[in-house]
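Breakdown of the fold
Here is what each chain is made of, one letter per residue.
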Amino acid sequence: MKISEQGISLIKSFESCKLTAYKALSTEEHYTIGWGHYGADVKAGQTISQDEADALFSSDLQKFVKYTNTYTKSLKLNQNQFDALVSFCYNCGPGTLKKLVSGRTVEEITEHITDEPYTRSKGKVIKGLVRRRQQEKELFCKGSEVKSMAVRIGSARIDENGKLSGGKAGDQTGKEVCTQAYYLHSKGWYLYRAKDAAIAERLAKAMLDACNNDNIGYDQGERSTVILQLKRYGSLKGIATKTDADCSSLVRGCCIEAGFDPGNFNTANEASCLEETRMFENRKSVTSETKLFDGDILVTKTKGHTAIVVSGNSRKVSSSIEQDKLSTASGQFKVGRNYTLQSDMYVRDSAGGQKKPFTKLSANAKSNGYADRNGNGILRKGTVVTCKGVQEKDGGVWIRIPSGWVCGVGKSRAVYAK
C-alpha cells in the first residue's frame, strides 16, 4: 500500500518543518532537521534548504511506508488504517510499530495505539504525543466498522507535584488536565446526561479542548482562575494565559461554554446544582453495564471527583428533551416581568444563537456589561432585565431581552427580581 495525501498531511501537521538542526528535548541523543528527520547524520548548527528538507521527507517516508507494509502484511487494512500506522511508524520507529501490531487484530490495535508507552519520551509523558496518538486512532477508526471499545473521560486531576495546590500555573506535565481511560470510581458515580444532544456535544468538545490546552493546569487554591480566563478569552481552547482549575470548576467551565452556567459548585453540591439547571435527565447510578455517551457528566456520589466523557458512544438523536418538563420550565418566565441575572451571561442574537458583539448592545446593556477578549457582549451578574419573549430551543429555555437573548433555565440562571 501507498500512503495518501491525508496521511502525509497528518504527519506534517505534527512534524512541522525546521531548516536548522534542533533538539525537541534536551535529553534526545541526536538532532532533528526538516520534516522530523532525526539521526546521527544531523549535526548541531546544520542548515538545509526547503528543497533539501522536502527531499529528506520523501526519502524517509518511503522507508516508513515499506516498514508498515512489512509488519502489517497479515492484516487487511483500509487506506485510513494504513495512513495512521505510517504516521505512528514515522514518529515511533519501525521496532515500536512491530510491537504494536504483532499478533493483534485491527480491533486490538485500535485499543493499544494510544497506550502510555507510546506517548512518552525518555520516561516523560509528552502532551503533543498524546494528541498525535489520539488523532492517529481517530483516523484508524474513520470510515470503518472498527470502533474504540475504551471510553475516555477528561478532567482536572492533580498538580505537577502530585498535590492539590501549590504548583505552577498551567499544565507542567501534560497530566494535570487530561483524558484517561474511564474507570469505576471507588465512591461510585452519578451520571448526568444532557437532554439535548447538541449540548452534550458541546460539553464533550469543551472538555477535550481544555485537556489539549497546556495553559490550563490544576490547583484547588486557584480553581476560579479558569472561569475568569474563560470569560476573558471566550473559550477553553482559546485561553492563552497560564491558569488553573480543579475538577469541578473545569466542569463548570465546560457548562458555560455549552451555553449555561450551573453556578460555583464543588463535588459535594455539584449534583444539586446540575439538577437545578433542568438541562439534564434524571440522574442515574453508574454500574459496569452502564452505556456512556459523549458529553455525559460523571460526579462521585460523595465529595471526590467529577469528569466528562469525551470519547464514548455518539448521541444519535438531535434532541431528547422531554417536552412537558421543558414547557414547565418555560412557564416560569412571563413577558413583561423583570428578572435578575444570577451569573455573568453572554447576550446572543437569537435563542441558542451566536454571541452578540458588545458594540451592538444597547447603551443600557453596555453600562451593565463588558466585552470578552473576542468582543462578545456579556451582561454582569445582578443585572435586571425585562422579558420580551420566551422560546424553547436546544434543550433550554431562552428569554428575549431588549439587547438580545439569554438562557433562562433554572434557579442558577435567571430568577424574579426582588
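All of the points below concern the structure found in this document. (Residues numbered from 1 in each chain as written. Predicted model: local features only at pLDDT ≥ 70, side-chain atom pairs only at ≥ 80, totals over all residues. Heavy atoms only, no water.)

A short note on the overall build of the chain
- Across its full length, the chain carries 12 helices and 22 strands.
- Relative to the compact-globule value of 22 Å for 418 residues, the chain shows a C-alpha radius of gyration of 24 Å, a close match.
- Dimensions of the chain along its principal axes, counting C-alpha atoms only, are 75 × 50 × 40 Å.
- Looking at the 418 residues of the chain, the share that counts as buried comes to 49%.
- Taken as a whole, the chain presents about 19,300 Å² of accessible surface, with 49% of it coming from carbon and sulfur.
- Computing the positive centroid from 63 side-chain charges and the negative centroid from 46, the chain places the two 4 Å apart. (Helix = DSSP H or I, 4+ residues; strand = E, 2+ residues; numbered from the N terminus. Rg over C-alpha atoms; globule rule 2.2 N^0.38 Å. Buried < 20%, exposed > 50% of the residue type's maximum accessible area, 1.4 Å probe, protein only. Areas by Shrake-Rupley, 256 points an atom, 1.4 Å probe, with all protein chains shown as cover. Lys, Arg positive; Asp, Glu negative; His and termini not counted. Charge placed at Lys NZ, Arg CZ, Asp CG, Glu CD.)

Considering the layout of surface pockets
- Of the voids in this model, the second largest pocket is the one considered here, and its volume is about 1,000 Å³.
- Taken together, 32 residues line the second largest pocket, and the ones lying closest to its centre are Glu15, Glu28, Asn91, Cys92 and Leu129.
- When residues of the lining of the second largest pocket are traced back to their parent elements, those giving at least two are α1 (5-15), β1 (18-22), β3 (37-39), α2 (50-71), α3 (79-92), β4 (120-121) and α6 (127-141).
- Residues that form the lining of the second largest pocket fall into these classes: 13 nonpolar, 9 polar and 10 charged. (1 Å grid on protein atoms, 1.4 Å probe; cavity = no way out; pocket = protein on both sides within 12 Å on 5 of 7 lines; lining within 4 Å. Points joined across faces, edges and corners; volume = space filled by probe spheres on them. Nonpolar A, V, L, I, M, F, W, Y, C, P; charged D, E, K, R; others polar.)

Brief notes about helix α4 (residues 94-101)
- What α4 keeps buried is the set Leu97, Leu100 and Val101. The arc that holds every buried residue of α4, seen down its axis, measures 80 degrees, which confines them to one face. Residues Gly95 and Lys99 are exposed on α4 and point more than 90 degrees away from its buried face.
- At the C-terminal side of α4, Gly103 shows a positive phi close to 75 degrees. (Arc of directions from axis to C-beta.)

Re the nonpolar core
- If you look at the biggest cluster of nonpolar residues, it comprises 38 residues, and the most contacted ones within it are Tyr192, Leu203, Met207, Leu236, Leu250, Phe280 and Ile297.
- Only β8 (189-192), α7 (197-211), β9 (216-218), α8 (225-233), α9 (247-258), α10 (270-277), β12 (297-300) and β13 (306-311) provide two or more residues apiece to this core.
- By residue number, the principal contributor to this core is α7, which donates 7 residues.
- Other than its neighbours up to four places away in sequence, Phe280 contacts Tyr192, Arg193, Ala194, Lys195, Leu203, Phe260, Leu274 and Ile297.
- By size, the runner-up hydrophobic cluster in this structure holds 32 residues, among which are Ile8, Ala84, Val86 and Tyr118. (Core = buried A, V, L, I, M, F, W, Y, C linked by side-chain atoms within 4.5 Å. Contact = heavy atoms within 4.5 Å.)

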